[in-house]
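Chains, contacts and geometry: an overview
Residues per chain, in single letters:
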Amino acid sequence: MSTVTVLSLLVEEMRNGRIKVVDLTQPLGPDTPVIGLPPIFAPSPGFSLSEISRYNDKGPGWYWNTITLGEHTGTHFDAPVHWVTGKDLSNNTLDTIPAARFIGPACVIDVTKETAVSEDFLLTREAVMAWEGTHGKIPPGAWVLLRTDWSKRLSAEKFLNVKDDGPHSPGFHKDCSHFLAYERDVLGVGVETVGTDAGQAGKFDPPFPNHGIMHGAGKFGLASLRNLDQLPATGAVVIASPLKIVDGSGSPLRVLALAPA
Ligand code: 23J
Ligand code: MN
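Here's a quick rundown of the structure. In this text, all values refer to a predicted model and were calculated from it rather than measured experimentally.

Rules and cut-offs
Residues numbered from 1 in each chain as written. Chains lettered and ligands numbered in written order. Predicted model: local features only at pLDDT ≥ 70, side-chain atom pairs only at ≥ 80, totals over all residues. Heavy atoms only, no water. Near = heavy atom within 4 Å. Polar contact = N/O pair within 3.5 Å; in protein donor to acceptor, adjacent residues only side chain to side chain. Areas by Shrake-Rupley, 256 points an atom, 1.4 Å probe, with all protein chains shown as cover. 1 Å grid on protein atoms, 1.4 Å probe; cavity = no way out; pocket = protein on both sides within 12 Å on 5 of 7 lines; lining within 4 Å. Sits in = over half its atoms within 2 Å of the grid points. Nonpolar A, V, L, I, M, F, W, Y, C, P; charged D, E, K, R; others polar. Salt bridge = Lys/Arg side-chain N within 4 Å of Asp/Glu carboxyl O. Helix = DSSP H or I, 4+ residues; strand = E, 2+ residues; numbered from the N terminus. Buried < 20%, exposed > 50% of the residue type's maximum accessible area, 1.4 Å probe, protein only.

For the rest of this paragraph, the subject is the site of ligand 1. The immediate surroundings of ligand 1 are formed by I35, L37, H72, H76, D78, H82, W83, G195, F208 and H211. Note that an oxygen atom of ligand 1 is positioned 3.4 Å from one of the side-chain N or O atoms of D78. Taking 320 Å² as the accessible area of ligand 1 by itself, protein coverage stands at 89%. Placement of ligand 1 is best described as lying within the largest pocket. For the shell around ligand 1, the residue count by class is four nonpolar, five polar and one charged.

Throughout the structure, instances matching the rule amount to twelve salt bridges. The closest approach of N and O atoms between D23 and R254, which form a salt bridge, is 2.7 Å. Of this pair, D23 sits in strand β1 (residues 19-23) while R254 sits in the loop between β14 (250-252) and β15 (255-260); the two residues are 231 residues apart in sequence, bridging distant segments of the chain. Linking E119 and R153 is a salt bridge whose minimum nitrogen-to-oxygen distance equals 3.4 Å. Placement of the pair is E119 in the loop between α2 (112-117) and β6 (122-123) and R153 in the loop between β7 (143-147) and α4 (156-160), with a sequence separation of 34 residues. You can call E119 partly exposed: its relative accessible area is 25%. Its relative accessible area of 23% is what places R153 among the partly exposed residues. It is possible to trace a salt-bridge network through shared partners that takes in D110, R147, D149, K152 and D229.

See below:
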């Protein structure tokens, strides 16, 4: 089939509803949960909006706002430069990553049974290989999405799940991150939790291993995704295109998936 035919077919199938667009994005507002780090580290501000004008004396015919937020707020993209392991790589910032690397096939790994019984569940390399036994090998350039149903925790308190010993939420075992980056050449990983490392990962050896390994390999992260339960294990295409912030380490974005309806 010619490329023109494929694109016409895409447009047609989206129009007739056989391909649906799944919005994998959280609403972005003042209540959007933000990661809490130990108080020795600088915090990242959440989202706020301040009005420039709203059909008034400051602008009679128009409404617009100023936004203030940390780059890593809500549903957001992590670039390789975000982590010290990725600081010297080429094309490691938002403005230098080639746009083709924002789009890839989704491999959705459902671990909702495991996370229902353990808030600290870590995906292992062996579990990914078992998933591949059922669904096929993760292709190069895939987005690997960890479905935990964590996004169904709608209050910030339950979502961040901070206990006396810090936050508890699922993530990746370091061997798994290494496997996905180096043996599968993924674009990156996406999670429903506030960050791409497990809640307790600040105490792992090394700390925050998924960030260190993925970004050191030039791979990306997507955090605070939603609606992964609307995607098939394979067959969807994810478009995760961050703002082109010069020297940016990450940005909120609208993550979209095209999937069979
Ligand atoms: C800074 C330090 C630790 C973490 C993070 C940021 C994130 O999760 C992030 O948004 O990249 S774990
Ligand atoms: Mn981030």
